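As a plain string of letters, each chain reads:
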Amino acid sequence: ETYAYDRVFGPEVGQEEVFGEVSEFVQSALDGYQVCLLSYGQTGSGKTHTMQGAGSGPMRGIIPRAMEQVAAYCAQQRTRGWAYEMEVTYVEIYNEQVRDLLGEDAGAPTTRDFGRAEAQSGLEVRRDPKTGRVFVDGATRRPID
């Protein structure tokens, strides 16, 4: 079978360059479009590092950079009188099992949690037939500022 990719990043590419390629997706989500970023590859290829990164400096990954972009956008819009309520879910799909990384049993997610947490029963990826929105049924949703 043949697969097509929008972009493949080599090991020499830094976190900032990777985020530069995907930051438009974050803006699209802010504009109301459904967005999904998928980090795919064999074990040890850097998927978790790409998504989470390390620390608060140039090694931070896509998730913290995306949250920074969302926060900056919201702050800008608040000066125009807009108000926001946002929630997040944090899930992992590993070996066809959905794991809720914000769930009561999960604790604070860290790099070592990926691929090791026990799958929670009842978590399923679903599509709302009315809106077409894809979600993980039963996943923990937490409000954010």
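Described below are features of the structure shown in this document.

A few words on the layout of surface pockets. Its volume calculated, the second largest pocket comes out at about 1,100 Å³. As for the second largest pocket, its lining consists of 29 residues, and the residues nearest its centre are R7, V8, F9, L38 and S39. At the level of elements, α1 (15–30) and α2 (47–52) are the ones that each hand at least two residues to the lining of the second largest pocket. Among the elements that make up the lining of the second largest pocket, the one with the highest residue count is α1 (5 residues).

With that settled, consider the pairing of strand β2 (residues 91–94). For β2 and strand β3 (residues 97–100), the ladder comprises 4 bridges, and the chain directions are antiparallel. If you follow I93 over to β3, its bridge partner there is V98. Counting the residues in the hairpin turn of β2 and β3 gives 2 residues, including N95, whose phi is positive at 50°.

This brings us to the packing of α1 against helix α3 (residues 62–78). When two helices pack together, their arrangement is given by the angle between their axes and by how far apart the axes lie. With their axes 9 Å apart at the nearest point, α1 and α3 run at an angle of 45° to one another. The orientation of α1 relative to α3 falls into the category oblique. Crossing angle aside, the handedness with which α1 passes α3 is right-handed. Within the contact between the two elements, α1 uses Q15, E16, V18, F19, V22, S23, V26, Q27 and L30 and α3 uses I62, R65, A66, Q69, V70 and Y73. When grouped by side-chain class, the residues that make up the contact of α1 with α3 number 9 nonpolar, 4 polar and 2 charged.

On to the nonpolar core. Counting residues in each nonpolar core, the largest one holds 10 residues, listed as V13, V18, F19, V22, V26, M51, I62, A66, V70 and C74. Elements represented by at least two residues in this core include exactly α1 and α3. Those residues within four positions of V26 in sequence are excluded, and the remaining contacts are F19, A66, Q69 and V70.

Rules used in this analysis
Residues numbered from 1 in each chain as written. Predicted model: local features only at pLDDT ≥ 70, side-chain atom pairs only at ≥ 80, totals over all residues. Heavy atoms only, no water. 1 Å grid on protein atoms, 1.4 Å probe; cavity = no way out; pocket = protein on both sides within 12 Å on 5 of 7 lines; lining within 4 Å. Points joined across faces, edges and corners; volume = space filled by probe spheres on them. Helix = DSSP H or I, 4+ residues; strand = E, 2+ residues; numbered from the N terminus. Pairing = 2+ DSSP bridges. Axes fitted to C-alpha atoms, helices over the stretch in contact; angles between N-to-C directions. Parallel < 35°, antiparallel > 145°, perpendicular 65-115°, else oblique. Left-handed = near helix turned anticlockwise from the far one by under 90°. Contact = heavy atoms within 4.5 Å. Nonpolar A, V, L, I, M, F, W, Y, C, P; charged D, E, K, R; others polar. Core = buried A, V, L, I, M, F, W, Y, C linked by side-chain atoms within 4.5 Å. Buried < 20%, exposed > 50% of the residue type's maximum accessible area, 1.4 Å probe, protein only.

These results come straight from atomic positions and should not be treated as a statement about function.
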